[in-house]
Amino acid sequence: MTYMRATAIAFGLALMMGAPAIAQAPAAGPPPDAVSDPSLKGPEVIKFMGVKPGDKVADIVPGKFTRALSMAVGPKGKVYAVEVAEVVKAHPTALTGMQALAAATADHNIEVTSPPTNAMDLPKGLDVVFIRQNYHDLYDKFMGPADVPAFNKQVYAALKPGGVFVILDHAAVAGAEMNVTETLHRIDPARVKADMAAAGFKFDGESKVLANPDDAHDKMVFNPAIRGKTDQFLYKFRKPK
């Protein structure tokens, strides 16, 4: 999932910024994002995060919410667009596309980095860390796989006391085996809660804004029957003060 989405984002941004596109890519406009596509529920998601002007936010594997976050934090805030090296290795245009977006942002408040997942070196004192539809990828082979407990500890250490880690992902059936992260690109929400508790986070609420009770959780997220309509959980975990 990450590969496909990163490529689409990068290609669309390249077209939007006037950069040369790869020959085999289809002629298409910029992909929709949380600013332009109402189905992504951008305003609702940003409100749930609690992002406000002046905040410092890390958007890990950035894409559809980066521009919305930039607008939310404003000229006195900062968005750290963390395009992890494992994704960039497969799709370099994910990085160049995000760099183009950062250069074109009116407030010039997006800083793009490309560290390895296991050594992100996030700035300290962050208000919010956000990962969209990519937490499950941490368990996949192409990510190393990542050292998930260490990843979560990196996020915990980077957040200021009272800061939040917000995770949006495709829900798997309750009790699903971990191999569904590879086969269906989903994860059991209970596993995410357990991971966060192990890292020291406190569960601080959920939003049903992208939930779909009609999703049986048995199809791969790219299956045409469910693509764009998956049941997605949106959780907020807080670092205690």
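About the cut-offs
- Residues numbered from 1 in each chain as written.
- Predicted model: local features only at pLDDT ≥ 70, side-chain atom pairs only at ≥ 80, totals over all residues.
- Heavy atoms only, no water.
- pLDDT = per-residue confidence, 0-100.
- Contact = heavy atoms within 4.5 Å.
- Pairing = 2+ DSSP bridges.
- Helix = DSSP H or I, 4+ residues; strand = E, 2+ residues; numbered from the N terminus.
- Axes fitted to C-alpha atoms, helices over the stretch in contact; angles between N-to-C directions.
- Buried < 20%, exposed > 50% of the residue type's maximum accessible area, 1.4 Å probe, protein only.
- Polar contact = N/O pair within 3.5 Å; in protein donor to acceptor, adjacent residues only side chain to side chain.
- Core = buried A, V, L, I, M, F, W, Y, C linked by side-chain atoms within 4.5 Å.
- Salt bridge = Lys/Arg side-chain N within 4 Å of Asp/Glu carboxyl O.

Caption draft 1: A look at the confidence of the model for the chain. Looking at the chain as a whole, the pLDDT averages 89, with 88% of positions reaching at least 70. Low pLDDT, under 50, characterises residues 1-28; the stretch is placed with 52 contacts to residues that sit more than four places away or in other chains.

Caption draft 2: Structural view of the sheet that holds strand E2 (residues 78-82). If you trace the seven strands from one edge of the open sheet to the other, you get E3-E2-E1-E4-E5-E7-E6, paired in mixed fashion. On the outer flanks of this sheet lie strand E3 (110-113) and strand E6 (202-207), each paired with one strand and no other. When the angles between neighbouring strand axes are averaged without regard to direction, this sheet yields 20 degrees. In this structure, E6 lies alongside strand E7 (residues 232-238), joined through four bridges in antiparallel fashion. Considered in E7, the bridge of serine 207 is made with leucine 234. Helix-sheet contacts for helix H3 (residues 66-73) involve strand E1 (56-60), E2, E3 and strand E4 (126-132), and the interaxial angle to E2 is about 160 degrees. Running at roughly 165 degrees to E3, helix H5 (residues 92-104) makes contact with E2 and E3 of the sheet.

Caption draft 3: Structural detail: the side chain of aspartate 137. Inspection of the secondary structure puts aspartate 137 in the loop between E4 and helix H6 (148-158). The class for aspartate 137 is buried, based on a relative accessible area of 2%. Among the polar contacts listed, one links the side chain of aspartate 137 to the side chain of asparagine 134, at a separation of 2.9 Å.

Caption draft 4: Fine view of the nonpolar core. Judged by nonpolar contacts, the single largest core of 33 residues is most densely connected at Ile60, Tyr135, Val155, Phe165 and Ile167. The set of elements that each furnish at least two residues to this core consists of E1, E2, E4, H6, strand E5 (159-170), helix H8 (189-199) and E7. By residue number, the principal contributor to this core is H6, which donates four residues. The contact partners of valine 155, leaving out residues within four places of it in the chain, are Ile60, Met120, Leu122, Val129, Phe165 and Phe201.

Caption draft 5: Quick peek at the pattern of salt bridges. As enumerated under the stated definition, the model contains 10 salt bridges in all. Among the salt bridges present, the one from aspartate 55 reaches lysine 52, with a minimum N-O distance of 3.0 Å. Residue classification places aspartate 55 among the buried positions, given a relative accessible area of 4%. Judged by its relative accessible area of 43%, lysine 52 falls in the partly exposed class.

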